[in-house]
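An overview of the molecular structure
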Amino acid sequence: MAPSFDDGNSLFNFVVRDGNGVKGMVDSGLSTVPQAYMQPPIERIDKDRARKHGHPPIDLSKLGGPEHDEVAKQIVRAAESLGFFQVVNHGVPVDLLESLKDAAHDFFSLPAEKKAVYRDDVSPTPLVKYGTSFVPQKEKALEWKDYISMQYTNDAEALQHWPEEIRDVSLEYLRTSMSMVRKLLQVLLENLGVKPEDLMIDALVDKKMVNMNYYPTCPNPDLTVGVGRHSDMGTLTILLQDGIGGLYVKIEDDSEFGKKGEWVEIPPVPSALVINVGDMVQVLSNGKYKSAEHRVRTTSTKSRVSIPIFTMPNATAKIAPLPEVVEKDGNTLYKEFVLADYMKNFFSNAHDGKKSLDFAKINSA
Ligand code: OGA
Ligand code: NI
C-alpha cells in the first residue's frame, strides 16, 4: 500500500528507506508533485529558454589517421570551452547501446524488492548500490531519479556481484569504452605538454563505475529536476542517453556556444556517446579543461534512461595540477589532496553546481 505522499516522513520511508524509489511512487498513481520534490524557483528548468548545442559529434575513427590533428583540436577545444562533447565511431557497438537502454528499462521494471536488496545499508556487496536522488538525507528538494551504481574491480567480481539482469551488457559497455577513454586522455594530456605514458593513463582511470539512471515520468516537470546542477567528480564521464533529451550544460565563459551563464541542451544523437570532463581533469589541467556544470530535466510523457561510466583515480591517489602545466602557467589554482578526501566531501553534500571544486581551490576561504 502506498502511503500519503503529502507527509514528508511516510514519503521518505516509502521512496528512500524501503527502496520503492520515485518509480514506485509514480506507479502507485500520482497526479501531483509531492512537496518533497518541489524545487525552489531558482533551480527549476525553463526548457524554452535553452538552446541546443549544434556542433556535430566528433568522429573518433579519424584519430591516428590523416585528420588526426584536426580531430584532436576539436576534442581539446570542446574540453576547454564547454567541457562536453559528443562522439561517434567510438568503438562501442551500436547494437550494444540499444541493449543497454533496454536492460536499464528492464532492471527498473523489476519489483521493488528485487532492486531494494542493493540499498546502501543492506547491499550484499560494496560494489553495487541502488538508490534514489543523490543524498536524500541532505537535500532540501529531492531529485526525480532512481539509479543503480556498479563499481568495477575486475571481471570475476563483476560477474559474481553485479545484478545478473544488467551485468553482461554493462561489462561489455565498459570493456568497449575504455580504449576510447584512453585515447581521449592521451589527446588532452599531450595538448598540455605532457608525454603521457600508459601508466599515467592507467592511474587516471584506475576506478570505474557503470551507473544506470532512471527518470520516471513526472506529473509536472516544470517543478522538479531529474538531476540538480552538478559537475562530475572524476576524470572523464562517458554517457549514453536515450532519445528523450533534457540534459543541459551551463556555459562557463562567453564562447562560440553562447554567453556565460546560459544553458545549452546536449541533444540526443543516435549512436553517439556524450563525453564530459570531470573535476579531476579540471584540477590536473590547472583549470584549462572545464568540468562542466550540468543538470537534467524531467518529462511528463516518457521515462528516460541514461547510462554513464564514471572514471577516476584510485582513492589513495594524490591529485594536484600537473607540474608541466604549473610551470608554464606560473601559478597553481589547486592544492594537492588525496582523492578519498575529495570524494568524501563530494558525496556528503547535496548537488550544488561546481561548489565541489572549492575543496581543492587555493585561497578559497
Ligand atoms: C550523472 C548525470 C546525466 C544524464 O549521472 O552524473 O549527470 O543525462 N547524468 O542522466
Ligand atoms: Ni553528471
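This text gives an overview of the structure that appears in the document. Predicted model only: the values in this text are computed from it and were never measured.

**Focus: the sheet that holds strand 10 (residues 263-265)**
- The five strands are arranged 1-10-9-12-7 in an open sheet whose pairing can be described as mixed. What marks the edges here is a single partner per strand, and that holds for strand 1 (51-52) and strand 7 (227-230).
- By the bridge criterion, two bridges tie strand 7 to strand 12 (residues 294-296) in an arrangement that is antiparallel. Looking at strand 12, one finds that Val227 is bridged to Val296.

**Points about a negative patch on the surface**
- A cluster of acidic side chains, namely Asp102, Asp106, Glu164 and Glu165, defines a negative patch on the protein surface.
- For the negative patch, the secondary-structure elements that each account for two or more residues are helix 4 (94-108) and helix 7 (164-191).
- Relative to the assigned elements, Asp102 resides in helix 4.

**Points about the coordination of the nickel ion (ligand 2)**
- Taken together, His230 (NE2), Asp232 (OD) and His294 (NE2) make up the full set of protein donors to the nickel ion (ligand 2), lying 2.1 to 2.2 Å away.
- The sequence motif formed by the donor residues of the nickel ion (ligand 2) is H-x1-D-x61-H. With His230 in strand 7 and His294 in strand 12, the pair connects residues that are 64 residues apart, well separated along the chain.
- The class of His294 is buried, set by a relative accessible area of 6%.

**Side note on the sheet that holds strand 13 (residues 304-312)**
- Across the sheet, eight strands lie side by side as 2-3-11-8-13-6-5-4; this open sheet has mixed pairing. Edge positions in the open sheet fall to strand 2 (58-59) and strand 4 (128-132), since each of these has one partner strand only.
- Here strand 8 (residues 236-241) runs beside strand 13; their pairing, made up of five bridges, is antiparallel. Opposite Ile238, over in strand 13, you have Ile309 as the bridge partner.

Cut-off values and rules
- Residues numbered from 1 in each chain as written.
- Chains lettered and ligands numbered in written order.
- Predicted model: local features only at pLDDT ≥ 70, side-chain atom pairs only at ≥ 80, totals over all residues.
- Heavy atoms only, no water.
- Pairing = 2+ DSSP bridges.
- Helix = DSSP H or I, 4+ residues; strand = E, 2+ residues; numbered from the N terminus.
- Patch = residues over 30% accessible without salt bridge, like charges linked within 9 Å, V, L, I, M, F, W, Y side chains within 5 Å.
- Areas by Shrake-Rupley, 256 points an atom, 1.4 Å probe, with all protein chains shown as cover.
- Salt bridge = Lys/Arg side-chain N within 4 Å of Asp/Glu carboxyl O.
- Lys, Arg positive; Asp, Glu negative; His and termini not counted.
- Charge placed at Lys NZ, Arg CZ, Asp CG, Glu CD.
- Donors = N, O, S within 2.8 Å, 3.2 Å for Na, K, Ca; no water.
- Buried < 20%, exposed > 50% of the residue type's maximum accessible area, 1.4 Å probe, protein only.

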